[in-house]
Amino acid sequence: MSPRRLVLWRHGETDYNAAGRMQGHLDSALTPVGWNQARFAVPALARFSPDLVIASDLRRATDTATVLTEAIGVPLRIDKRLRETHLGEWQGFTGKQVDEAYPGERAHWRVDATWAPPGGESRVDVAARALEVVADLDRPNADAGDTVLLATHGGLIIALTAKLLGLPVPSWPALGGIANCHWVELTRRDGNWRLAAYNAGITG
């Protein structure tokens with residue numbers, strides 16, 4: 001059975017999030033707030049009845065996913081193709097530091113999904129590798145079930161959502177950010193993905 005619902009779940013707050021630093025492929029850790037965000041989200045995500053959870057291999061996503069899978073007894077797979085955008089030379093920098101070292105480039109990056117930070121990936125690149133994960137779920141032996149949850153990262157979620165919805169690449173930057181431990185819900189009908197919820201989550 002090919003999945004009819006995808007839930008794209010961003011990890012909880014990390015030490016880099018709290019410090020305002022750009023993470024990319026750096027393997028930052030959840031803060032106590034981040035762990036609690038994951039726990040608070042479990043009842044809402046459990047209502048989706050996911051048959052499978054697949055997580056990025058970066059520990060902030062894997063740890064977030066484990067909170068859910070241990071609570072509801074769902075299988076967990078790890079897939080490095082769900083990693084966040086590689087931010088190249090910007091990784092570990094604050095936004096201010098990037099702006100000082102690379103004047104104007106962060107603003108360009110925000111509005112052009114085809115542009116990559118020095119040594120990094122564009123959002124188009126990220127969407128292409130994430131799309132491979134979704135395509136694998138449609139293989140005859142995938143055993144993915146009706147609903148699959150991907151525990152991953154904000155930049156990847158935005159890029160993959162835009163790709164699955166078939167948005168023109170110049171329009172991708174129109175999608176807003178995803179808050180920590182918030183999610184996107186996509187449903188499929190007649191082979192086409194539709195947006196059911198964007199940046200949904202538990203507050204408080």
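Residues numbered from 1 in each chain as written. Predicted model: local features only at pLDDT ≥ 70, side-chain atom pairs only at ≥ 80, totals over all residues. Heavy atoms only, no water.

Observations regarding the nonpolar core
Counted only if it meets this: Residues enter a nonpolar core if they are buried and are Ala, Val, Leu, Ile, Met, Phe, Trp, Tyr or Cys, with the set joined through side-chain atoms within 4.5 Å. Exposed residues in this analysis have more than 50% of their type's maximum accessible area, buried residues have under 20%, and partly exposed residues fall in between, with area computed by a 1.4 Å probe over protein chains only. Each helix is a run of H or I in the DSSP string that is no shorter than four residues. Each strand is a run of E no shorter than two, and both are numbered from the N terminus. In this analysis, two residues are considered to be in contact whenever any of their non-hydrogen atoms come within 4.5 Å of each other.
By size, the foremost hydrophobic cluster in this structure holds 28 residues, and its most contacted members are Leu 6, Leu 8, Ile 54, Val 148, Leu 150 and Leu 160. Among the elements of the structure, strand 1 (5–10), strand 2 (52–55), helix 6 (123–137), strand 4 (147–152), helix 7 (154–164) and strand 5 (183–189) are those that each provide at least two residues to this core. Of all the elements, helix 7 adds the most residues to this core, at 7 residues. With residues up to four places along the chain from it excluded, the contact list for Leu 8 reads Leu 150, Ile 157, Leu 160, Thr 161, His 182, Trp 183, Val 184 and Leu 186.

As for the UniProt feature "binding site: substrate" (unreviewed entry) in the protein chain
Using the following cut-off: UniProt positions are given in the numbering used here, feature names are shortened, and annotations may be inferred rather than shown by experiment. Definitions used throughout: a 1 Å grid over protein atoms alone; a cavity as a set of points that fits a 1.4 Å probe which cannot get out; a pocket as an open set with protein on both sides within 12 Å along at least five of seven lines; a lining residue as one with an atom within 4 Å of a point. Pairs of N or O atoms are called polar contacts if they sit within 3.5 Å, as long as, within protein, a hydrogen donor faces a hydrogen acceptor (for residues adjacent in sequence, only side-chain-to-side-chain pairs).
The sites that UniProt annotates as "binding site: substrate" (unreviewed entry) are Arg 10, His 11, Gly 12, Glu 13, Thr 14, Asp 15, Tyr 16, Asn 17 and Arg 60. Taken from the residues named earlier, the lining of the largest pocket is made up of Arg 10, His 11, Asn 17 and Arg 60. For Tyr 16, the contacting residues outside a window of four places in its chain are Arg 21, Met 22, Gln 23, Leu 26, Ser 28 and Gly 92. Within the secondary structure, Arg 60 sits in helix 3 (residues 59–72). Those residues within four positions of Arg 60 in sequence are excluded, and the remaining contacts are His 11, Thr 14, Gln 23, Gly 24, Leu 26, Asp 27, Ser 28, Leu 30, Glu 84 and His 153. Within the structure, the side chain of Arg 60 is placed 3.4 Å from the side chain of Ser 28, a separation counted as a polar contact.

Concerning the side chain of Thr 69
The residue Thr 69 is located in helix 3 in this model. Taking the relative accessible area as the measure of exposure, Thr 69 reaches 6% and is therefore buried. Non-local contacts of Thr 69, meaning those with residues more than four positions away in its chain, are made with Val 53, Val 74, Pro 75 and Leu 76.

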